[in-house]
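Listed below are the residues making up each chain.
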Amino acid sequence: MTSKYRLLWASLLLATLSLSAHAALPTTVDGKPVTSLAPLVEAVAPAVVSIRVTQERRNPFGMPAEASGGGSGVIVDAENGYILTNHHVVGEADEIEVSLIDGRTFEAEVVGSDAATDIALIKVEADELSEMPIGDSNDVHVGDFVIAIGSPYGLSHTVTSGIISSLGRTGIIRDGYEDFIQTDASINPGNSGGALVNMSGELIGIISVIISRSGGNVGIGFAVPTEIASSIMGQILDFGEIRRGLLGVNIQTIDPEAAETLGADIEGGAIITRVFPNSAAEDAGLEVGDIIVAVNDKNIASGTELRNTIGLLRSGDTVNIRYLRDNKSRSTSAKLGRAEDQLLSGADIHPGLAGASFAPASTSSDSGVEVTNVEQGSPAAQRGLRAGDVITAVNRVLVRNLRDLQTVAGNSRILFLLVQRGDRSLMLQIR
């Protein structure tokens, strides 16, 4: 984009505007009419691609069948052919076809994918690609103008406009790590994986999900910030996998009422209910009963905020933690461990275990896998799992650690879990 157009779009942010159901652009800048977003769209649209995926399945009669779907993506590295999109667009695909704005099509391969953030990185072998510069999503403010580009209902390179409606949205994806940007730019099925772009022509988010009873746009859409998408892409390229950070604690939210009960002069935080042996938290000197109120100078108001903040960092990162102990403020630093070494998400094991997380058992025998958390209303909760349960066998096969649980449960459609709950044993059937 030329410097002339960059100055024009930067000026738009400072202009007087009126808002209706969707954001209205300023009619004048410096007394001159502003009639079109075309220069901005022309600069960034070539970096947005349409994605078509196919997946081999079996029909109800057991015969091979092919399912197809689609979405969008954003070229962020033209030289290497790297494209950011959503995990839910390409994560289960057997074949991926990418279409450019100039009509060319290419086969793509998945470089890496992360269900918890809904980000995937794919690659094409192609020349003369256009890339979109990645902006800093930390500089985004509520009220900023944005455009969304994608392929809703297969209509490639559809452009819509709006504003940033809210920041830091959570609770949208179960078991996910979330910090969504909310926008009222029109987003529909097929926009997934597409671009949310600021007025400087920079990518600030990868469109991920909408809230709608009808399945169509109602002005509530969400995008994964580039801060998260870039971190996931970096881990995929650096390690070939996701190495999510782990503090090594169980936590509960401290709301204002609970804080008052404890005599703590805080509005919220995350109280530690368990510290795992040999964890980053133990090495940092954290103890049960400590209330974490900030990580890297970011205030922590709930257990969810702490989980998201830590989970979006890399293993090996050092974080500064501010906490209360006996109502006195303290601070420490912790070098994060690797989540995959100590915690396992039920969604990664079996659909019936989604909503539960697992860790090595803390019993004296250190045999078995402990259920550390079960989300209310989740499949795991509906099937009777509770936090604190210790799974000692699956389908009559002894479970000694997380690897055993993943190996046995991951290869079975029906699970019979032998569970130790307090001083009694019980069997749970998971389908």
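Calculation criteria
- Residues numbered from 1 in each chain as written.
- Predicted model: local features only at pLDDT ≥ 70, side-chain atom pairs only at ≥ 80, totals over all residues.
- Heavy atoms only, no water.
- Salt bridge = Lys/Arg side-chain N within 4 Å of Asp/Glu carboxyl O.
- Helix = DSSP H or I, 4+ residues; strand = E, 2+ residues; numbered from the N terminus.
- Buried < 20%, exposed > 50% of the residue type's maximum accessible area, 1.4 Å probe, protein only.
- Pairing = 2+ DSSP bridges.
- Axes fitted to C-alpha atoms, helices over the stretch in contact; angles between N-to-C directions.
- Contact = heavy atoms within 4.5 Å.
- Patch = residues over 30% accessible without salt bridge, like charges linked within 9 Å, V, L, I, M, F, W, Y side chains within 5 Å.
- Areas by Shrake-Rupley, 256 points an atom, 1.4 Å probe, with all protein chains shown as cover.
- Lys, Arg positive; Asp, Glu negative; His and termini not counted.
- Charge placed at Lys NZ, Arg CZ, Asp CG, Glu CD.
- Polar contact = N/O pair within 3.5 Å; in protein donor to acceptor, adjacent residues only side chain to side chain.
- Core = buried A, V, L, I, M, F, W, Y, C linked by side-chain atoms within 4.5 Å.
- Phe/Tyr/Trp six-rings, centres within 6.5 Å; stacked < 30°, edge-to-face > 60°.
- Lys NZ or Arg CZ within 6 Å of the ring centre and 35° of its normal.

## As for the pattern of salt bridges
Evaluated as defined, the whole model comprises 11 salt bridges. Of the charged contacts in the structure, one is a salt bridge between Arg244 and Asp114, with a shortest N-O distance of 2.6 Å. Linking Arg244 in the loop between helix 4 (226-239) and strand 15 (245-246) with Asp114 in strand 7 (residues 105-114), this pair joins segments that are 130 residues apart in sequence. Here Arg244 and Asp114 have matching classes, each one buried.

## Things to note about the sheet that holds strand 13 (residues 203-210)
As a general point, the strands of a sheet are linked pairwise by backbone hydrogen bonds and lie either parallel or antiparallel. Around the barrel, six strands lie side by side as 9-10-11-14-13-12; this closed barrel has antiparallel pairing. When the angles between neighbouring strand axes are averaged without regard to direction, this sheet yields 45°. In the sheet, strand 10 (residues 158-169) pairs with strand 11 (residues 180-183) via three bridges, with the strands oriented antiparallel. Its bridge partner being in strand 11, Arg169 is matched across the sheet by Phe180. Across the sheet, helix 4 is in contact with strand 13 and strand 14 (221-225); its angle to strand 14 comes to roughly 50°.

## Description of the pairing of strand 7
Pairing of strand 6 (residues 95-99) with strand 7, which is carried by four bridges, proceeds in the antiparallel orientation. Bridged to Ile96 within strand 7 is Ala108. Once strand 6 ends, the chain turns through five residues before running back antiparallel as strand 7, passing Gly103 with a positive phi of about 95°. As paired strands, strand 7 and strand 8 (residues 119-124) are joined by six bridges and run antiparallel to one another.

## Observations regarding helix 7 (residues 303-311)
Turning to helix 7, its buried residues are Gly303, Leu306, Asn308, Thr309, Ile310 and Gly311. Where the residues of helix 7 are buried, they touch strand 15, strand 16 (249-254), strand 17 (269-275), strand 18 (291-295) and strand 19 (298-299).

## As for a nonpolar patch on the surface
A surface patch of nonpolar side chains, amounting to about 230 Å² of accessible area, comprises Ile211, Val218 and Ile220. Looking at the element boundaries, Val218 is found in the loop between strand 13 and strand 14.

## Thoughts on a negative patch on the surface
Side chains of Glu56, Glu92, Asp94, Glu95, Glu97 and Glu107 sit close together on the surface and give a patch of like negative charge. Mapping Glu97 onto the fold places it in strand 6. Given a relative accessible area of 36%, Glu97 falls into the partly exposed group.

## Side note on the side chain of Gln182
In this structure, Gln182 sits in strand 11. Only 2.7 Å separates the side chain of Gln182 from the side chain of Arg169, close enough to count as a polar contact.

## Focus: the nonpolar core
Membership of the largest hydrophobic core comes to 35 residues, with the highest contact counts inside it found for Leu84, Met132 and Ile147. With five residues, helix 4 is the single largest residue contributor to this core. When residues no more than four places from it in sequence are discounted, the contact partners of Leu84 are Gly73, Val74, Val76, Ile119, Ala120, Leu121, Gly193, Ile206, Ala229 and Met233. Residues Ala356, Leu402, Val419 and Leu428 belong to the second largest nonpolar core, which totals 23 residues.

## Observations regarding the packing of aromatic side chains
The final tally for this structure, using the stated rule, is one aromatic pair. Between the NZ or CZ atom of Lys123 and the centre of the ring of Tyr82, over which it lies, the distance is 4.9 Å.

Function cannot be inferred from these measures alone, as they are strictly geometric.
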